[in-house]
Amino acid sequence: MQLVRQKENSVTKRHRTAGVVLAALLTGAAASGCADGAGEADRQRPPAGQPGAAAAPEGPAAAAAKAERLKRAQAARAAVARKWGLAKVPLVAPAPPAVKPRVTTREGFEVEGGEALPPVFTAVPTKERIVFLTMDDGAEKDPELLRMMTELKIPYSAFISDYVVSDDYGYFKDMQARGVTLSNHTLNHRYLPGLSKAEQRREICGEQDKIEKHFGKRPTLFRPPYGNYNGDTLRVARSCGIKAVPLWAAEAFPDRMEWREWDQDLHPGDIILTHFRGREDWDGSMADMVRRVMKTVTDKGYAVARLEDYV
């Protein structure tokens, strides 16, 4: 029957067939056009779960804009350095490691049975040309120091004692808000090996409590006054949350540097000590001390890094 109908209506069917063929051709052309035009992106797009092609390289305009931004940033850093009396622009520390290095007690600084106690060290193990700046006590509360370090973007760590910071917690809250970590330097800066274990606990754990109360965070770093400690010191420190005991390899003053090492020089990872002091104690200000430190550090090709990024 189907063949008969096609024969009886041959003229009509020829027109109908032609229309069907034309429609098919138009549909195919449209599909081909999508594949050659918008569909080209689909052919170039990698299958799901596979990496795509690398991004196109920067054009001349983008590269020029990036270079201009870098030039302006360097000029701004140079201007800030001049403002604060630095002959050279401080070097920028590399990005901190994804995994902190393993810090161990320096040879000769051990205590009996101290394998599980917080490590005592004067430098952080690293091959980078970086050093760390730390400031102790808290007697001098110089607002110029806060401005200087913020504008120069020099990181530092503070080891504070409550007996000298309690008259102005606000100064150190401001410091903390600028990114400085506040760590433990005991309540009253006493010679710890001369105290009983209970007295040491009051000095160390009492300062932990004070810092947590006034600054909201319990320290994990502790520096004993004068760098003196014994086994009880480290056991007490561990019991109230201390993880490490950084000492120092060099000490900074406004007019000089003093060195622990035999070669009287800096080394990668060295910790530098200084104090919150002013003209009553020094022949200069804290800003003068920072200028001395940065001249020494920069002249020797080092940058200052943030201690807590490594310990």
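Residues numbered from 1 in each chain as written. Predicted model: local features only at pLDDT ≥ 70, side-chain atom pairs only at ≥ 80, totals over all residues. Heavy atoms only, no water.

1. Some details on the layout of surface pockets
The following threshold applies: For each structure, a 1 Å grid was placed over the protein atoms alone; sets of points admitting a 1.4 Å probe that cannot get out are labelled cavities, open sets with protein on both sides within 12 Å along at least five of seven lines are labelled pockets, and lining residues have an atom within 4 Å of a point. Grid points are joined across faces, edges and corners, and a volume is the space filled by probe spheres set on the points. Only DSSP runs of H or I covering at least 4 residues are called helices, and only runs of E covering at least 2 are called strands; the numbering of each starts at the N terminus.
Roughly 390 Å³ of internal volume is contained in the largest pocket. Lining of the largest pocket is provided by 22 residues; of these, Val92, Leu152, Lys153, Ile154 and Pro155 occupy positions nearest its centre. Contributions of two or more residues to the lining of the largest pocket are made by α4 (60-83), α5 (143-152) and β9 (303-305). Looking at which element gives the most residues to the lining of the largest pocket, the answer is α4, with 4 residues.

2. Examining the packing of aromatic side chains
Heads up, the condition is: Each Phe, Tyr or Trp ring, with Trp reduced to its six-membered ring, pairs with another whose centre is within 6.5 Å; inter-plane angles below 30 degrees give stacked pairs, above 60 give edge-to-face pairs, and intermediate values give tilted ones. The rule is simple: take the accessible area with a 1.4 Å probe, protein chains only, and divide by the maximum for that residue type; under 20% is buried, over 50% is exposed, in between is partly exposed. Ring-over charges, as used throughout, are those where CZ of Arg or NZ of Lys falls within 6 Å of the ring centre and within 35 degrees of the ring normal.
Applying the stated rule across the entire model yields 5 aromatic pairs. Aromatic pair Phe132 and Tyr310: ring centres 5.3 Å apart, planes at 65°, arrangement edge-to-face. In this pair, Phe132 is assigned in strand β2 (residues 130-137) and Tyr310 in the segment after β9, connecting sequence segments 178 residues apart. A single burial state applies to Phe132 and to Tyr310, both of which are buried. Measuring from centroid to centroid gives 5.1 Å for Tyr171 and Phe172, while their planes differ by 80°, and the two rings are edge-to-face. By relative accessible area, which is 0% here, Phe172 ends up buried. Taken together, the ring pairs connect Tyr171, Phe172 and Phe276 into an aromatic cluster. Just above the ring of Phe159 sits the side chain of Arg223; from NZ or CZ to the centre is 4.5 Å. One Lys or Arg, Arg256, reaches over the ring of Phe253 and ends 4.0 Å from the middle of that ring.

3. Concerning the nonpolar core
Where we set the bar: Put simply, buried Ala, Val, Leu, Ile, Met, Phe, Trp, Tyr and Cys residues joined by side-chain atoms within 4.5 Å make one nonpolar core. We call two residues in contact whenever any of their non-hydrogen atoms come within 4.5 Å of each other.
Within the largest apolar cluster, 42 residues are counted, with the highest numbers of intra-cluster contacts made by Met135, Phe172, Met175, Ile272 and Val293. Counting residues per element, this core draws most heavily on helix α10 (residues 286-299), which supplies 7 residues. Contact partners of Met175, with chain neighbours within four places excluded, come to Leu146, Tyr156, Ala158, Val180, Leu182 and Phe276. With 31 residues, the next largest nonpolar core counts Val120, Phe121, Leu195 and Ala244 among its residues.

4. Thoughts on the packing of helix α7 (residues 169-177) against helix α8 (residues 197-215)
Geometrically, a packed helix pair is captured by the angle between its two axes and the distance between the axes. The cut-off we apply is this: Note on geometry: axes are C-alpha line fits, over the in-contact stretch for helices, and angles between N-to-C directions span 0 to 180 degrees. Roughly parallel means an angle under 35 degrees; roughly antiparallel means over 145; roughly perpendicular covers 65 to 115; every other angle is labelled oblique. Residue type decides the class: Asp, Glu, Lys and Arg count as charged, Ala, Val, Leu, Ile, Met, Phe, Trp, Tyr, Cys and Pro as nonpolar, and the leftover types, Gly among them, as polar.
Between α7 and α8, the shortest axis-to-axis distance is 11 Å and the interhelical angle comes to 75°. In terms of their interaxial angle, α7 and α8 are classed as roughly perpendicular. In contact with Tyr169, Phe172, Lys173 and Gln176 of α7, α8 contributes Lys210, His214 and Phe215. Its residues assigned to classes, the contact of α7 with α8 comprises 3 nonpolar, 2 polar and 2 charged.

5. Comments concerning the side chain of Glu261
What counts here: Polar contacts, as counted here, are pairs of nitrogen or oxygen atoms within 3.5 Å of one another; within protein the pair requires one atom able to donate a hydrogen and one able to accept it, and residues that are adjacent in sequence qualify only if both atoms are side-chain atoms.
Of note, Glu261 is situated in the loop between β7 (257-259) and β8 (271-275). A distance of 2.9 Å separates polar atoms of two side chains, one belonging to Glu261 and the other to Arg106. Other than its neighbours up to four places away in sequence, Glu261 contacts Arg106, Thr122, Ala249 and His267.

6. Looking at the confidence of the model for the chain
Quick note on the threshold: Values of pLDDT, the confidence the predictor places in each residue, fall between 0 and 100.
Chain-level pLDDT for the chain is 86 on average; 82% of the residues reach the 70-or-more range. Across residues 1-54 the pLDDT falls below 50, and counting only partners more than four positions away or on other chains, this stretch makes 9 contacts in the model.

7. A look at the pattern of salt bridges
For clarity, the cut-off: Just to be clear on terms, a salt bridge is a Lys or Arg side-chain nitrogen sitting within 4 Å of an Asp or Glu carboxyl oxygen.
Per the stated rule, a full pass over the model turns up 19 salt bridges. For Arg202, the salt bridge goes to Glu203, with nearest N and O atoms at 3.9 Å. Within the structure, one salt-bridge network assembled from shared partners comprises Lys88, Lys295 and Asp299.

8. Considering the packing of α8 against helix α9 (residues 231-239)
The test is simple: In this scheme the crossing of two helices becomes right-handed for a clockwise turn of the near helix relative to the far one and left-handed for an anticlockwise turn of less than a right angle.
The geometry of α8 relative to α9 is characterised by a closest axis approach of 9 Å and an angle of 45° between their N-to-C directions. By the angle between their axes, α8 is oblique relative to α9. α9 is crossed by α8, and the crossing has right-handed handedness. Contact with α8, carried on its side by Lys197, Gln200, Arg201, Ile204 and Cys205, involves Asp232, Thr233, Val236, Ala237 and Ser239 of α9 and no other residues of that element. Each residue belonging to the contact of α8 with α9 can be placed in one class, and the counts come to 4 nonpolar, 3 polar and 3 charged.

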